[in-house]
Amino acid sequence: MNNTKIDIVLATPPYSLSDNFGILDFAGQYGPPINLLYLASCLENSNYSAKIADLSYDTSGLEKCARRIVSLNPEFVGVAVHFTFLANKSLELISLIKKLNPEIKIIAGGVHFTALPEETMRECPEIDVGILGEAEETLVEVLRGLRDGGKLDGIDGIIFRNRNELHKTEKRNLIEDINKLPFPSFEKIDLSSYSLALYKEKRDAHLSIITSRGCPFACCFCDRTILGRKVRFHSVEYLSEMLDLMVKQLSVNCFDLEDENICITKDRFRDICKLLKEKHNRYDITWGCSMRADSVEADTGKILYDAGCRNVVFGIESGSQKMLDIYNKKLNIKNLPEKCKIIMDAGISLTGSFIIGGPEEDENSISATIDLIKKVDFNFMYLWYFAPYPGSAIYKDIKNSGNLLGDYSNRTGHHIAFIPNTLTRQQLEDAYKRIYRAFYSKPSVMFRTIRSSGFSGIPGIFKKGIKYLQRFILN
Ligand code: B12
Ligand code: SF4
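As the structure is a prediction and not an experimental result, all values here were calculated from the model. All residue numbers here refer to positions counted from 1 along the written sequence of the relevant chain. Each chain takes a letter, starting from A, and each ligand takes a number, starting from 1, following the order in which they are written. Local features are withheld for residues below a pLDDT of 70 in this predicted model, meaning they are given only at 70 or higher, and side-chain atom pairs are given and counted only at 80 or more; totals for whole chains, interfaces and linings count all residues.

Points about the sheet that holds strand E15 (residues 380-385)
So, step 1. Strands sit in the order E8-E11-E12-E13-E14-E15 across an open sheet of six strands; the sheet is parallel. Of all the strands in the sheet, just strand E8 (207-209) and E15 have a single pairing partner and so form its edges. On average, adjacent strands in this sheet sit at an angle of 20° to one another, irrespective of strand direction.
So, step 2. Note: two strands are recorded as paired if DSSP finds a minimum of 2 bridges between them. The secondary structure listing takes helices from DSSP runs of H or I that are at least 4 residues long and strands from runs of E that are at least 2 residues long, numbered from the N terminus. With three bridges joining them, E8 and strand E11 (residues 254-257) adopt parallel strand pairing. If you follow Ile209 over to E11, its bridge partner there is Leu257.
So, step 3. Packing against the sheet, helix H15 (residues 425-440) makes contact with strand E14 (349-356) and E15, and its axis sits at approximately 175° to E15. Simply put, an axis is a line fit to the C-alpha atoms, just over the touching stretch for a helix, and the angle between two N-to-C directions goes from 0 to 180 degrees. The contact criterion used here is simple: two residues whose C-beta atoms, placed from the backbone, lie within 7 Å are in contact.

Okay, structure coming up:
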């Protein structure tokens, strides 16, 4: 046991790449915990010593992970009950920590927790306090309250136990000015643990940052519980300073902008790209981002490329207009090929991201997706099984449109978690493979994969290629 007391350890539970990525484990990667990085910097700003235990990639087992956390001798442990597929593991970790040291106060929070606070508190009596929504300010207030003899009543956005009853306080507003937040504590994690993104040109450290919070759209499969529909932007000055810090202090010049949509308003998009262009010219930074295809205009590709953007992901979801309407995506499939061309003609790698198996998916809508994949020359493709998340709009009535399978652990997008009434399991599995096959059997995809990896990448491609072959084509 460490004798120096630290105030709080912020933890996220371990999982294997196959837990998350299923049969695509060989192509999966671990991502940096942006949630914990913001929390840690805010705590330290308020003079609480904080450690991050990102156990995602730890292979020693939950029991050992819990022991390691306890051996750090913290007064509080904050556990992320964030991703639904990891919720059970988070709760198990909490129980183990509490068993090892019942004195430690456990605080939970995150996307999954916020969607199901009562259910989670009941399921896991070892959680002392739960935080709903953004927690940068709330967590500091909770630590203060707990130290102050447990005064929690006046803190908005939390749930706690009061004589065996659950007590939920007033809803907390979103953080008004996100530019007042300190930068995420990137220095607290081992950057080398987060493997390379596909688009990377150079094989050096890679990070994720966000430049805004929120999205004005309301796609029914997307969890809006934390970030909501109102968009808050980080200022150009805030981002400029953060990028300088990343390059100069952390030697990172490659990152993903993880904003839900980088192109929400034209002016903001241009301002950000102007800043990124300056940094690209000065530091040779390159980056990737996600955006809605309908925000692309004739000059968008060039603006992005000049700013160092080398990979764009379009959340397309389906080639069928019927499915897009069911998802409330507000996207017109007819304009899509032209938008894709604008990005690819600029020299940017384009990934199409698709969902299969949502309510009312059928053979016709699957064929429409395959047709689109054949027609548009995407560089990469993501394919997700439809995964109902508790915080999404579609969740409430989901059982009317099909069968939910298994527990939360298979809500990854890479395991079947839902079968719509319009398909059998066999049809869904076959369609998943058919879509992959349609993409990977395109000569342009094979050629590009070899070209982009160079000769030194061929053994890797070969190994992965065999896995694709085994899992999607031969089986
Ligand atoms: C950036 C991002 C990522 C990044 C970084 C993830 C991370 N750990 O931070 C990467 C690319 C790694 C990622 C991966 C995945 N993601 Co993601 N991601 C996002 C995105 C677009 C923005 C998140 C963000 O940065 N928000 C800003 C920060 C400040 O807010 P926050 O993360 O919510 O954290 C705040 C609160 O939640 C709370 N909180 C969070 N953790 C904790 C812990 C404690 C102790 C406390 C007290 C509070 C607390 O306080 C934080 C600070 O305010 C959201 C979209 C969304 N609407 O939330 C999806 C989202 C979170 N992702 C989602 C999913 C499904 C995934 C994947 C599972 C996809 C997949 N199948 O591979 C993987 C999971 C892999 C993994 N274990 O990391 C879903 C989660 C839904 C769910 N219920 O599970 C979301 C909501 C998108 C959606 N489809 O609806 N993601
Ligand atoms: S899927 Fe994308 S566009 Fe739709 S609500 Fe979520 S973040 Fe916004």
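Picking up after the structure, the text goes on.
Digging into the packing of helix H2 (residues 34-45) against helix H7 (residues 136-147)
So, step 1. Running from amino to carboxyl end, H2 crosses H7 at an angle of 50°, the nearest separation of the two axes being 9 Å. Of the possible angle classes, the one that applies to H2 and H7 is oblique. Every pair of crossing elements has a handedness; the one defined by H2 and H7 is right-handed. Across the interface between the two elements, Tyr38, Leu39, Cys42 and Leu43 from H2 touch Glu136, Leu139 and Val140 from H7.
So, step 2. Ten residue types, Ala, Val, Leu, Ile, Met, Phe, Trp, Tyr, Cys and Pro, are classed as nonpolar, four, Asp, Glu, Lys and Arg, as charged, and the remainder, Gly among them, as polar. A per-class count over the contact of H2 with H7 returns six nonpolar, no polar and one charged. If an angle is under 35 degrees, it is roughly parallel; if it is over 145, roughly antiparallel; if it lies from 65 to 115, roughly perpendicular; otherwise it is oblique. Here a crossing is called left-handed whenever its near helix is offset anticlockwise from the far helix by less than a right angle, and right-handed whenever the offset is clockwise.

Side note on the nonpolar core
General note: in soluble globular proteins, nonpolar side chains tend to be found buried as a group.
So, step 1. The biggest cluster of nonpolar side chains holds 123 residues, and the ones touching the most others in it are Leu10, Ala11, Val77, Val312 and Ile356.
So, step 2. In this entry, domain limits derive from an automatic or database-based domain assignment. Both of domain 1 (6-168) and domain 2 (203-440) provide at least three residues apiece to this core.
So, step 3. Residue contacts for Ile356: discarding those within four places in its chain leaves Glu361, Ile366, Leu383, Tyr385, Phe386, Ala431, Tyr432 and Ile435. The nonpolar core criterion groups buried Ala, Val, Leu, Ile, Met, Phe, Trp, Tyr and Cys residues into a set whenever they are joined through C-beta atoms within 7 Å. For every residue, the other C-beta atoms within 10 Å of its own C-beta are counted; 20 or more classify it as buried, 12 or fewer as exposed, and values in between as partly exposed. C-beta atoms are placed from the backbone.

Considerations on the domain arrangement of the protein chain
So, step 1. Structurally, the protein chain comprises domain 1 (6-168) and domain 2 (203-440).
So, step 2. For domain 1 and domain 2, the distance between their C-alpha centres works out to 28 Å.
So, step 3. Residue-level contacts link 18 residues of domain 1 with 18 residues of domain 2.
So, step 4. Examining the composition of the side of domain 1 that touches domain 2, we find that four residues originate from one element, helix H5 (residues 111-115), more than from any other.
So, step 5. Along the lines of polarity and charge, the residues of the side of domain 1 that touches domain 2 split into nine nonpolar, eight polar and one charged.

Description of the site of ligand 1
So, step 1. As a rule, any residue with its backbone-derived C-beta atom within 6 Å of a molecule or strand is reported as near that molecule or strand. Every one of the 40 residues lining ligand 1 counts as a neighbour, but Gly31, Asn35, Gly78, Gly109 and Ala135 are closest to it.
So, step 2. Looking at the shell around ligand 1, the elements with two or more residues in it are H2, strand E3 (74-80), strand E4 (105-109), H5 and H7.
So, step 3. Counting residues per element, the shell around ligand 1 draws most heavily on H2, at four residues.
So, step 4. Class assignment of the residues belonging to the shell around ligand 1 gives a composition of 20 nonpolar, 14 polar and six charged.
So, step 5. Counting the residues that make up the shell around ligand 1, at least three belong to each of domain 1 (6-168) and domain 2 (203-440).

A short note on the pairing of E11
So, step 1. Inspection of the sheet shows E11 paired to strand E12 (residues 286-291) by four bridges, in the parallel sense. Each residue of the ladder has a partner; that of Phe255, found in E12, is Trp287.
So, step 2. The β-α-β motif built from E11, the intervening helix H9 (residues 266-283) and the parallel element E12 has right-handed crossover chirality. Think of it like this: strands point away, you trace from the first strand over the helix to the second, and a clockwise trace means the crossover is right-handed.

Topic: the pairing of strand E7 (residues 165-168)
So, step 1. Relative to E7, strand E6 (residues 158-162) runs antiparallel, the two sharing four bridges. Residue pairing in the sheet places Arg161 in a bridge with Leu166 of E7.
So, step 2. Here E6 folds back onto E7, and the loop between the two strands holds two residues, one of which, Arg163, carries a positive phi near 45°.

Concerning the site of ligand 2
So, step 1. Every residue close to ligand 2 is listed here: Cys215, Phe217, Ala218, Cys219, Cys222, Glu260, Asn261, Arg292 and Gly315.
So, step 2. Among the residues making up the shell around ligand 2, the classes are represented as five nonpolar, two polar and two charged.

What about the packing of helix H13 (residues 363-375) against H15?
So, step 1. Two elements in contact, H13 and H15, have axes whose closest approach is 9 Å; the angle formed by their N-to-C orientations is 15°. Between H13 and H15, the angle is such that the two are roughly parallel. In the packing of H13 onto H15, the handedness of the crossing is right-handed. On H15, the residues that touch Ile366, Thr369, Ile370, Ile373 and Lys374 of H13 are Ala431, Arg434, Ile435, Ala438 and Phe439.
So, step 2. Here the residues of the contact of H13 with H15 are counted per class, giving seven nonpolar, one polar and two charged.

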